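One letter stands for each residue in the lines below.
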Amino acid sequence: MRISLQAELGDFRDRHTIYLFALKMSFLAVTLSSVVIVLILPPLDWMGMLPVPFAHGVVYGVLLSWLIGGAVSSVLSLVAGHAMHQLSVSRAEFEQLSRTDVLSGLLNRRAFTEALEQVDGNACLVIFDVDRFKAINDRFGHACGDAVIVAVSAILATAFDGHSAVARLGGEEFGAIVVGGSEEQRIERVRSVCASLAACPVAADDCVVALTVSAGIAELKPERSKEGAYSAADKALYLAKALGRNRVVHENEGLYPGWGRRLPGETLGARMSNVDCDEARLA
């Protein structure tokens, strides 16, 4: 008889597994004790050491093993199962914390890199960056800056669900793996998200902050290294910033003059002003 105990910690996050574990352990302990009793009684009977007839001894031994051994093993198994449950829950919580950005609730860079390694085509990598985030912190304070991070995270998490992955890469920079659809559909999806962010001012500490987001996109092709895709998306984001912010730039658009997907509501004067600011910052 083979009983699978499945002693991996992850199996004990469900309390139902604890009781199943205790039941299996009790049944196994009682069965083994009954076998031992049946094997020991014949020699004892042959040596005349049994106080009762052999048949009665077998019955009494098996009953006692089920009553006493079953009760003791059940209690011990429940105690061990609950301890393993607590350890499993703590491990799961630790794993969650180690993969999650505390402020935003999104994946952190480490977890995002792991997700990136599992993608095998028909997807793109997007790097988002909140425009002028340092100015927001300087003008309204870090509490307001944190509120902006939380608001952006919530919108990104809602916009990219299912097979996609979203992470906070650090500071005001976010990453997303957009899966499915054509290249143009993915680009439009990213543009729609950026437009939604621009249309939702953030209210915090008696102030309302209107923000915009720039994004760089690179395709995740099977023959392409993930480091190469990340570098291409980062360059596309850098160029989106240099061209005036509040825009989405795909890596292929850099091959043509006049590229850069400007989002609605941006004037030429604002664009030129933003380019001057970027040039000063990049210098």
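Provided above is the structure to which this section pertains.
The structure displayed is predicted, hence computed values, not measured ones.

Turning our eyes to something else, we now look at the side chain of D131. Within the element layout of this structure, D131 appears in the loop between β1 (123-130) and α4 (133-140). Its relative accessible area of 3% is what places D131 among the buried residues. For D131, the side chain forms a polar contact with the side chain of T212, separated by 2.6 Å. With residues near it in sequence (within four places) discarded, D131 still touches I136, T212, V213, S214, K241, R245 and N246.

The subject of this paragraph is unusual backbone geometry. Positive phi outside glycine occurs at R132, with the angle close to 55°. Mapped onto the secondary structure, R132 falls in the loop between β1 and α4. Positive phi, close to 50°, is recorded for N246, a residue that is not glycine. Relative to the helices and strands, N246 is located in the loop between α7 (226-242) and β7 (247-250). In this structure N246 comes out as buried when scored by relative accessible area, which is 9%.

Counted under the stated rule, the structure contains 1 aromatic pair. Where F128 meets F160, the ring centres are 6.1 Å apart and the plane angle is 45°; that geometry is what we call tilted. Within this pair, whereas F128 is found in strand β1, its partner F160 is found in the loop between α5 (142-159) and β2 (165-170), the two being separated by 32 residues in sequence. Each member of the pair, F128 as well as F160, carries the same accessibility label: buried.

Parameters at a glance
- Residues numbered from 1 in each chain as written.
- Predicted model: local features only at pLDDT ≥ 70, side-chain atom pairs only at ≥ 80, totals over all residues.
- Heavy atoms only, no water.
- Helix = DSSP H or I, 4+ residues; strand = E, 2+ residues; numbered from the N terminus.
- Buried < 20%, exposed > 50% of the residue type's maximum accessible area, 1.4 Å probe, protein only.
- Polar contact = N/O pair within 3.5 Å; in protein donor to acceptor, adjacent residues only side chain to side chain.
- Contact = heavy atoms within 4.5 Å.
- Phe/Tyr/Trp six-rings, centres within 6.5 Å; stacked < 30°, edge-to-face > 60°.

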